[in-house]
Amino acid sequence: MKKYTTAILLFVTGSFVLSFVANAKSRQREYYQITVYHFATAEQEKKLDAYLSAAYLPAIHKLSNRKVGVFKPFANDTAADKLIYIIVPFKKAEQLFSLTSMLLKDRDFVLASQYFDTSYKTPAFSRMENIVLQAFSLAPIMKLPNLKSNRQERIFELRSYESATEKLYRNKVEMFNEGGEIEIFSRLNFNPVFYAEVIAGSRMPNLMYMTSFENKADRDAHWKSFSADDKWKKLSAMSNYQHNVSKSEVKFLRATDYSDY
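Here the structure is a predicted model, which means the values were calculated and not measured.

Draft legend 1. Structural context of the overall build of the protein. Along the protein, the regular secondary structure elements total nine helices and eight strands. When contacts within the protein are restricted to residue pairs at least 6 apart in sequence, those whose partners lie at least 24 apart make up 81%. Carbon and sulfur atoms make up 57% of the accessible area of the protein, which totals about 14,800 Å².

As structure tokens, this is what we get:
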């Protein structure tokens, strides 16, 4: 009887451990790299588009089956400082940190692009920046949007929330996770792509997230429903979640023709 009981305990304990490990692996938080190119002219934009579509994305696809998002702000047409955003997901930090060296080993990648031979007199961009992020604990994996509208009408909304102190920043991250803000976005069908903590970048402490919409009317309707949501009203009024965002930035983006989503 004792041996039988021990066997049952070992089986139950083993099953629990295996289940725990499986759940931990399934919730492993992804990493993201957001590269932002700043440029000013149509010629620079042409060079960047050629490099990204003919060399960079195909090389990324060869390394993994990860989807790469490439976006331009709707405001680019009239902006002096024009932008291109490239968002690449990684399962492990090592993959992110070794990306450049891996790409440069790819002969097809190097030969496919004239980007590397651009003269200093006619650079392809005026400035380039990288932002490194890690997905939130309760949104550990990027979700591709489920949109039906014409590609040119879709809106990807990239938001950045900075905090005055690191403690307030942690408080805002908690508000998204344990506080239930992510749940509200999901319940209201915001088509969220990712939520993530900035772990390296020029603006910190900071978090960023992206939602997606069929068009501007759809976007405005969703945010109207969010503002009127009872759970959001209750959450945003809680005393322990006050003053945790000191600066916010909103970018309305359109996916390029060669973007994976």
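Alright, that's what it looks like, and here's the rest.
Draft legend 2. Here's a closer look at unusual backbone geometry. Across the junction of methionine 204 and proline 205, the peptide omega takes the value -5°, indicating a cis bond. Here proline 205 is to be found in the loop between β6 (194–200) and β7 (206–213). For asparagine 189, which is not glycine, the phi torsion reads 60° and is therefore positive. Within the secondary structure, asparagine 189 is located in the loop between α7 (181–187) and β6.

Draft legend 3. The arrangement of the pattern of salt bridges in detail. Overall, the coordinates contain 15 salt bridges when judged by the stated rule. Note that glutamate 183 is salt-bridged to arginine 187, the shortest N-O span being 3.2 Å. With glutamate 183 and arginine 187 both in helix α7, this residue pair falls four residues apart, about one helical turn. Taken together, the shared-partner salt bridges in this structure form one network comprising Glu157, Arg159, Lys216, Arg219 and Asp220.

The rules behind the values
- The numbering scheme is per chain: residues are counted from 1 as the chain's sequence reads.
- Where local features are concerned, this predicted model is filtered to residues with pLDDT of at least 70; where side-chain atom pairs are given and counted, the filter is 80 or more; whole-chain, interface and lining totals use all residues.
- As a rule here, side-chain values cover all heavy atoms of the structure and leave hydrogens and water aside.
- Going along the chain from the N terminus, every DSSP run of H or I of four or more residues is numbered as a helix, and every run of E of two or more is numbered as a strand.
- The contact rule is simple, with two residues in contact once any of their heavy atoms fall within 4.5 Å.
- Calculation of accessible area relied on Shrake-Rupley with a 1.4 Å probe; when residues are assessed, cover is drawn exclusively from the protein chains displayed.
- One speaks of a salt bridge when a side-chain nitrogen belonging to Lys or Arg is within 4 Å of a carboxyl oxygen belonging to Asp or Glu.

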